[in-house]
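Each chain, written out:
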Amino acid sequence: MVLAGGRGERLYPLTRDRAKPAVAFGGIYRIIDFTLSNCINSDIRRIYIITQYKSVSLHRHIQLGWNILSSPLGEFIEIIPAQQRIDEHWYQGTADAFFQNIYTLQQERPDLVLILSGDHIYKMDYRKMIAFHLEKKADLTVAAIRMRREESREFGVIEVDRDWRIIGFEEKPEDPKTVPGDPEGILASMGVYVFNIELLVKRLIEDARSDSTHDFGRDIIPSMIEKDQVFAFDFRQGDQGGVGYWRDVGTIDAYFEANMDLVSVTPQLNLYDSQWPILTYQSPNPPAKTVWAEDARVGTALNSIISNGCIISGGSVKRSILSPRVTIHSHAEIEDCILLEGVDVGRYAKIRRTIIDKEAQIPQGMEIGYNLDEDARRFTVTGSGIVVVPKGIRL
Amino acid sequence: MKKKILVVDDEEGLRLLYEEVLKEEGYEVLTARNGREAIQQLEAGKPDLIILDIVMPVMDGMEALGRIVGKDRKIPIILNTSYGGYQQDFMSWAADAYLTKSADFSELKNKVRELLRQR
């Protein structure tokens, strides 16, 4: 079950019109594609996606791109929007989202439930985690990744004993428990859980009938550590990338950095592994194209990812990611940018360190990313100076 | 102050019977004929405990159970049914007790007492 209901407020304005899992990534992907691809590549083919806020864009993407399983074989990817079947409120936390969908668990009644977040980018073989869960005879297994101690305030921090049994869990602690034998390292929860169904239901109900924040990290896991068999699974044992790559991309800066990793010569996130393909939806577009090669007018793209349907017509693109159907007109200069689908950059425009959301039209001669004070009057500018131009803007 | 119990059952005869038995035990009794009325009574009558039948018209007990918990997380609920099979339903686990209807009311009376004491 994939939780895809997060607002992703720190990614605003990219999440102005869509939930975080539906935000574009790496040119042609949406963030949720990574989790769903992990499922398919792990041979998990009965998948529910729990949505809530601004889910239209996500629904469309799933419908168009993920209609790939065989229902006669009992396989499915099904979206469950918030139905208010139990409570008249929207989900109050991640645990509440599951309690409210208790009928779905009932209907399906599997032995194990793999709970995932549609918010993260990583490549992981969930089968290895499930095997570990069974081997340990665990009630709950939580996937854990090593992070540096300074990052503890961003994550749920897991404390384990030598057997990887979880003996403590703290949400975003100031002073975290470190990994045994590594005083600078912590184990962070990846928001990936394997639960035995009956215990999951019991703990969800207990949580639903108590005053809590109804959150897996804050409420369910700490309560289970005391009474149940709870283990941590070392991400390194299931990491398909082999380099410990896992990103929350929760902020614009993190999103920008994770995208920019992809244009490096050897990115940490390898999208070329044919054993672990990342699936997505792509509308039928012609191949990318560059035109004009005259003395003063050259269409070029260097160190960049250029998706189908793009035309670089006499402009230059460096260290950038272009989603499908982006057009760069003559003499425009694009550097360190992420341009989402359908963006049109007019002649002589100069843009750097900027994310431009879908279908925005940048007029001739406009400069963005060169005078941040000026930019901040119109756009979101992050602390590290990344400018975000919202979807559909006509300047 | 007398504790207030909401009895939800679609059979009028049973409602009257439970009402009599519980009043003898010293409780004030509210009644509802189905899940929808139970939710109305939950808000209007502020009961301390609910005895809830499962198979009812309009809104059955299992759906009402979820909705009641959605409105009042902590109110004790006893599922009281003629059938045992509903214990397979995950939602039934949200009730504090699952009793099978019987002509002997001692189990029900004990459960009510126990749950009200814990409250």
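Cut-off values and rules
Residues numbered from 1 in each chain as written. Chains lettered and ligands numbered in written order. Predicted model: local features only at pLDDT ≥ 70, side-chain atom pairs only at ≥ 80, totals over all residues. Helix = DSSP H or I, 4+ residues; strand = E, 2+ residues; numbered from the N terminus. Rg over C-alpha atoms; globule rule 2.2 N^0.38 Å. Buried ≥ 20, exposed ≤ 12 C-beta atoms within 10 Å, placed from the backbone. Contact = placed C-beta atoms within 7 Å. Nonpolar A, V, L, I, M, F, W, Y, C, P; charged D, E, K, R; others polar. Domains from an automatic or database assignment. Pairing = 2+ DSSP bridges. Core = buried A, V, L, I, M, F, W, Y, C linked by C-beta atoms within 7 Å. pLDDT = per-residue confidence, 0-100.

## A closer look at the overall build of chain A
Helix and strand counts for chain A stand at 9 helices and 29 strands. The C-alpha atoms of chain A give 22 Å as radius of gyration, which agrees with the globular expectation for 395 residues (21 Å, within 12%). For chain A, buried positions account for 45% of its 395 residues. When contacts within chain A are restricted to residue pairs at least 6 apart in sequence, those whose partners lie at least 24 apart make up 57%.

## Quick look at the overall build of chain B
What chain B contains, in helices and strands, is 4 helices and 5 strands. A compact globule built from 119 residues should have a C-alpha radius of gyration of about 14 Å, and chain B, at 13 Å, falls within 12% of that. Along the three orthogonal principal directions, the C-alpha set of chain B runs to about 30 × 30 × 30 Å. Burial analysis of chain B (119 residues in total) assigns 38% to the buried set. Across chain B, the fraction of contacts at a sequence separation of at least 24, relative to all contacts at a separation of at least 6, is 58%.

## Examining the interface of chain B and chain A
Taken together, the 11 residues of chain B in the interface contact 14 residues of chain A. Across the side of chain B that touches chain A, the residue classes break down as 5 nonpolar, 2 polar and 4 charged.

## Side note on the domain arrangement of chain A
All names here are of chain A. Here chain A is described as being made up of domain 1 (2-261) and domain 2 (289-389). Each of domain 1 and domain 2 has a C-alpha centre, and these two points are 34 Å apart. Of all the elements, helix α8 (residues 252-261) adds the most residues to the side of domain 1 that touches domain 2, at 5 residues. Looking at side-chain class alone, the side of domain 1 that touches domain 2 contains 8 nonpolar, 3 polar and 1 charged residues.

## Some words on the sheet that holds strand β19 (residues 321-322) of chain A
With respect to topology, 6 strands assemble into an open sheet ordered β16-β19-β22-β25-β29-β28 (chain A), the strand pairing being mixed. At either margin of the open sheet sits one strand with a lone partner, and together these are β16 (305-306) and β28 (380-381) of chain A.

## Concerning the sheet that holds strand β18 (residues 316-318) of chain A
Residues and elements named next belong to chain A. Spatially, β15-β18-β21-β24-β27 is the arrangement adopted by the 5 strands of the open sheet, whose pairing is parallel. The sheet terminates laterally at β15 (300-302) and β27 (367-368), the two strands that pair on one side only. Sheet topology places strand β21 (residues 333-335) next to strand β24 (residues 350-352); 3 bridges connect them, and they run parallel. If you follow E333 over to β24, its bridge partner there is K350.

## Some points on helix α1 (residues 32-41) of chain A
All names here are of chain A. Counting buried positions along α1 gives 7 out of 10 residues, so the element sits mostly inside the fold. Looking only at α1, the buried set comprises I32, D33, F34, T35, L36, N38 and N41. Just downstream of α1 lies D43, where phi reads positive at about 65°.

## Points about unusual backbone geometry
Residues and elements named next belong to chain A. Y12 connects to P13 through a cis peptide bond whose omega is 5°. On the secondary structure map, P13 appears in the loop between β1 (2-4) and β2 (24-25). Positive phi is not limited to glycine here, since N303 has a value of about 45°.

## Re the nonpolar core
Formed by 145 residues in total, the largest nonpolar core has its most connected members in V142(A), A144(A), A38(B), L52(B) and L65(B). Looking at this core element by element, the count peaks at 8 residues for strand β11 (residues 185-196) of chain A. Residue contributions to this core reach at least three from each of two domains, namely domain 1 (2-261) and domain 2 (289-389) of chain A. When sequence neighbours within four positions are dropped, the list of residues in contact with L52(B) reads V8(B), A38(B), G61(B), A64(B), L65(B), I77(B), I78(B), L79(B) and N80(B).

## What about the environment of V298(A)?
All names here are of chain A. Inspection of the secondary structure assignment puts V298 in the loop between β14 (289-291) and β15. V298 sits in the partly exposed class, given 16 other C-beta atoms within 10 Å. Along the primary structure V298 and A4 are separated by 294 residues, whereas in three dimensions their C-alpha atoms are 43 Å apart. Not counting residues within four places of it along the chain, the set of residues in contact with V298 comprises W292, A293, G314 and S316.

## So, the pairing of strand β6 (residues 112-117) of chain A
Residue and element names in this part refer to chain A. Pairing geometry for β1 and β6, over 2 bridges, is parallel. Of the residues in β6, the one forming a bridge with L3 is S117. Note that β6 and β11 share 4 bridges and pair antiparallel. Its bridge partner lying in β11, I115 is registered against Y193.

## Some details on the confidence of the model for chain B
Of the residues in chain B, 100% reach a pLDDT of 70 or more, and the chain-wide mean stands at 91. Both confidence scores are given for the complex: pTM 0.92, ipTM 0.84.

## Observations regarding the environment of S304(A)
Residues and elements named next belong to chain A. Mapped onto the fold, S304 is located in the loop between β15 and β16. On the basis of neighbour counts, which here come to 23 C-beta atoms within 10 Å, the residue S304 falls in the buried class. Those residues in contact with S304, other than ones at most four positions away along the chain, are V263, V317, K318, R319, S320, I321 and L322.

## Structural notes on helix α3 (residues 61-71) of chain B
Within α3(B), 8 of the 11 residues are buried, leaving the element largely enclosed by the surrounding structure. Among the residues of α3(B), those classed as buried are G61(B), M62(B), A64(B), L65(B), G66(B), R67(B), I68(B) and V69(B). The inward-facing, buried residues of α3(B) abut α6 (197-208) of chain A together with β1 (4-8), α2 (35-45), β3 (49-52) and β4 (77-81) of chain B.

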